[in-house]
Amino acid sequence: MLGYVTLGTNDLQKGAPFYDAIAQEMGVGRMMDFDTFIAWGEWGGGAGIALTKPFDGQPATVGNGVMVAIEARDPAQVQRLYDIALAHGGTCEGAPGPRGEADAQGNVFYAGYFRDPDGNKLNAFCMAPAGSLAAG
């Protein structure tokens, strides 16, 4: 149902490397690249993400309660995306780990939360077999 999500930025050149690195881990690249707008994803693929300077010329602000979730393949990719985010100017909003109880199939929601350089909140998540997350 979703085609893409757009987030605002006040410094596209500062934010672009953050999303370039996230996109690379997800196996995609830039699909649109303009002076005020960059979109990452793959035409005909899953939902993409875009970063833009606001059209109205006003400063970009962060939406309270707004978050973009990136579906990872497994907990290891959740960790990589989280680490990539922090290495590219992001900040921690909750380290990767299981959240809540296992569902009826024995899977647990596993996620790491972070903010991009503009303060937009994102997470990387997957559903993982609860038994595969044993401490070690």
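Described below are features of the structure shown in this document. What you see is a predicted model; the values in this text were computed from it and never measured.

## Comments concerning the sheet that holds strand 5 (residues 68-71)
Then comes step 1: Spatially, 5-8-7-6 is the arrangement adopted by the 4 strands of the open sheet, whose pairing is mixed. Of all strands in the sheet, those with a lone pairing partner are strand 5 and strand 6 (91-99), marking the two edges. Direction aside, neighbouring strands of the sheet carry axes that sit 20° apart on average.
Then comes step 2: The sheet contact formed by strand 6 and strand 7 (residues 107-115) spans 6 bridges and is antiparallel. Looking across to strand 7, one finds that Thr91 is bridged to Arg115.
Then comes step 3: Sheet strands touched by helix 1 (residues 12-26): strand 5, strand 7 and strand 8 (121-129). Its angle to strand 5, the strand with the most contacts, is close to 30°.
Then comes step 4: With respect to the sheet, helix 2 (residues 75-87) is in contact with strand 5, strand 6, strand 7 and strand 8, its orientation differing from that of strand 7 by roughly 5°.

## Re the environment of Gly89
Then comes step 1: You can see Gly89 is positioned in the loop between helix 2 and strand 6.
Then comes step 2: Placed 26 residues apart in sequence, Gly89 and Arg115 show a C-alpha to C-alpha distance of 8.7 Å.
Then comes step 3: When sequence neighbours within four positions are dropped, the list of residues in contact with Gly89 reads Asp116 and Pro117.

Rules and cut-offs
- Residues numbered from 1 in each chain as written.
- Predicted model: local features only at pLDDT ≥ 70, side-chain atom pairs only at ≥ 80, totals over all residues.
- Heavy atoms only, no water.
- Pairing = 2+ DSSP bridges.
- Helix = DSSP H or I, 4+ residues; strand = E, 2+ residues; numbered from the N terminus.
- Axes fitted to C-alpha atoms, helices over the stretch in contact; angles between N-to-C directions.
- Contact = heavy atoms within 4.5 Å.

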